[in-house]
Amino acid sequence: MKFIYKFILLLSFASYANYSYSKVEPSAEDVNKLTQSALQGNTKDQTIIGMFYRDGSGVKQSYSEAFKWFKLAADHGDPIAQAELAYLYINGFGTEQSNEKAAHWFKVAAEQGDMGAQHRLGILYSEGKGVPKSHTKAFEWYLKSANQGYAPAQTSLGSLYLHGEEVPKDYQQAANWFQKAADQGYALAQSGLGILYKHGKGVPQDYQQAAKWYQKAADQGLAIAQYSLGKFYIDGNGVTQDDKKAREWFQKAADQGNVDAQTLLGMLYHYGKGGPQNDVQAGKWFQKAAEQGDSLSQYYLGELYNYGKGVPQDYKQAAKWYQKAADQGSALGQTYLGILYVDGKGVPQNYQQALKWFQKAANQGNAQGQTNLGIFYENGEGMSTNYQEALKWYQKAADQGYARAQTYLGILYADGKGIPQNYQQAAKWYQKAADQGDAQGQTLLGFLYLQGKGVQRDYQQALKWFQKSGEQGNRSSLFTLGYMYKNGLGVRQNYSKAKEYFGLSCDKGYQDGCDQYRELNMSKY
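Below or above, wherever it landed, is the structure these notes cover. (Residues numbered from 1 in each chain as written. Predicted model: local features only at pLDDT ≥ 70, side-chain atom pairs only at ≥ 80, totals over all residues. Heavy atoms only, no water.)

## Quick word on the packing of helix α20 (residues 351-363) against helix α21 (residues 367-379)
Short version of the rule: Axis definition: a line fitted to C-alpha atoms, limited for helices to the stretch in contact. Angles are taken between N-to-C directions and run from 0 to 180 degrees. Labels follow the DSSP assignment, with helices taken as runs of H or I lasting at least four residues and strands as runs of E lasting at least two, numbered in each case from the N terminus. Put simply, angles under 35 degrees are roughly parallel, angles over 145 are roughly antiparallel, angles from 65 to 115 are roughly perpendicular, and the rest are oblique. Working rule for handedness: look at the near helix, and if it is turned counterclockwise from the far one by less than a right angle, call the crossing left-handed; if clockwise, right-handed. Pairs of residues are marked as contacts when any of their non-hydrogen atoms sit within 4.5 Å.
Contact pair α20 / α21: the axes reach a minimum separation of 8 Å and the direction vectors enclose 135°. By the angle between their directions, the pair α20 and α21 is classed as oblique. In this structure, α20 meets α21 at a crossing whose hand is left-handed. Residues Tyr351, Ala354, Leu355, Phe358, Gln359, Ala361 and Ala362 of α20 lie in contact with α21, whose contacting residues are Gly369, Gln370, Asn372, Leu373, Phe376 and Tyr377.

The following block contains the structure:
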């Protein structure tokens, strides 16, 4: 559960928030009065002055001054100042960074019942920072804080139950604690609750409830919730499918650096979903996500460079990004890196390297990689010809519905390579490919109908498939259409139409078409 894991990681970053006070900017007179009181030993005012310096409110911002005032109040037992002091030690603001000293002061404040300090101390135990790592201790402090109604602690407690750390995994308990925090408006808990409703963990699966809680968290600016909500709009889960709204939410999350949102935003721009197609914008977002290590964006960025979409065509850059994606196990990256090695684009031509990457992609079940591997075995590229292996890999890809593999599998059956010749099987696989619009499959199916091999001879069916393939520019089909019109096969004999089709095939570089066109032209047709 990818999103649950990312949600847990967020807790580590979101839970060190410091205390605050009224955000009304204090006047110089207010600051002066509070300072005088603080100098006379008033610990509450010492803490407030520390906050002023921490935030630069009414005074010049200074962590070292904040540290001084928090230390005075902390030494006099003020739990808020103790927690603030710990916060400065955690971050190394105004003093040396020290997890040990931070843990000390969080503990002192926690033992006085400060719920924020209790939660932060739990985090330190969870991460093993400044104290020995102990999920048991973390749980104890989270529970103390959560029982006081502290939403961040309730959320952290829910994540322990969700993840099963030092407590038995219990999705119902996770949902219970997330609900308590979510009801207080805590965005992380709202997002966590959304995850549980999405996956039906601890609560009945309910996409509308999931969308509701994602929405609440997203409206507060939580990037992971904005991404999750955008994904719901893409898929139409719990909300009406709406690519435009998906793009809006991905944009908000992407602007905050959410790598998954950056990738999907790039894809929406690339495919023109939810707004205008724009490969320049697609490239921008793929680049951001790719630099964060996202393998899907690395693949797409490679594609843009490979075909010069939104960026200048650059095969070396394409190879670079395909390689990064491939090294992370991306089957798409592996497949297209292999193709570059076959063509010698951006990398030296190297069939062994191509074979290596096609094999990796094929082993992951990637149909295109399986097909390319089959081609290598059939043609003996970088190895000895092996029709049985070619048949094996074409079959795997064809069974996934990959049209090109279905055509190539049909060819092996038609030619009796690696398997006894079987035109009926050839027709079966050509038909599957043809139905998906594969021009070569349509052409070869047409020939079987024309010749009556594996199917009953049927000129009308042959004509149908040659026409479909010819509309895609297949020169063999265009020539054969000319042949059928010239000879009146399935159509009324028509030399003008025959000449037209022969000419079209000639334009595609088919020499026999040129010869037939010239012959009819000389005959004044």
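Alright, that's what it looks like, and here's the rest.
## Describing α21
Threshold: In this analysis, the expected span of each helix is defined as 1.5 Å times one less than the number of residues it contains. Each residue gets one of three labels from its accessible area relative to the maximum for its type: buried under 20%, exposed over 50%, partly exposed in between, using a 1.4 Å probe on protein chains only. Two N or O atoms form a polar contact when they lie within 3.5 Å of each other; inside protein one atom must be a possible hydrogen donor and the other a possible acceptor, and for residues adjacent in sequence the pair counts only when both atoms belong to side chains.
Compared with the 18 Å implied by 1.5 Å per residue over 13 residues, the 18 Å span of α21 between its first and last C-alpha is a close match. Burial analysis of α21 places 12 of its 13 residues in the buried class, the great majority of the element. Buried residues of α21: Ala367, Gln368, Gly369, Gln370, Thr371, Asn372, Leu373, Gly374, Ile375, Phe376, Tyr377 and Glu378, and no others. In this structure, the buried side of α21 is in contact with α19 (331-343), α20, α22 (387-399) and α23 (403-415). Two or three places before Gln368, at the start of α21, stands the capping residue Asn366, its side-chain oxygen 3.2 Å from that residue's backbone nitrogen. Two residues or fewer past α21, Gly380 is found with a positive phi of approximately 70°.

## Here we look at helix α13 (residues 223-235)
Helix length check: α13 (13 residues) gives 18 Å between terminal C-alpha atoms against 18 Å at 1.5 Å per residue, within 8%. Here α13 lies mainly inside the structure; 10 of its 13 residues are buried. Among all positions in α13, only Ala223, Ile224, Ala225, Gln226, Tyr227, Ser228, Leu229, Gly230, Phe232 and Tyr233 are buried.

## Thoughts on the side chain of Gln226
Following the sequence through the fold, Gln226 ends up in helix α13. Accessibility expressed as a relative area gives 4% for Gln226, which makes it buried. Among the polar contacts made by the side chain of Gln226, one reaches the main-chain carbonyl oxygen of Ala218 at a distance of 3.3 Å. Once you skip the residues sitting within four places of it in the chain, Gln226 turns out to touch Ala218, Gly221, Trp249, Lys252, Ala253 and Gln256.

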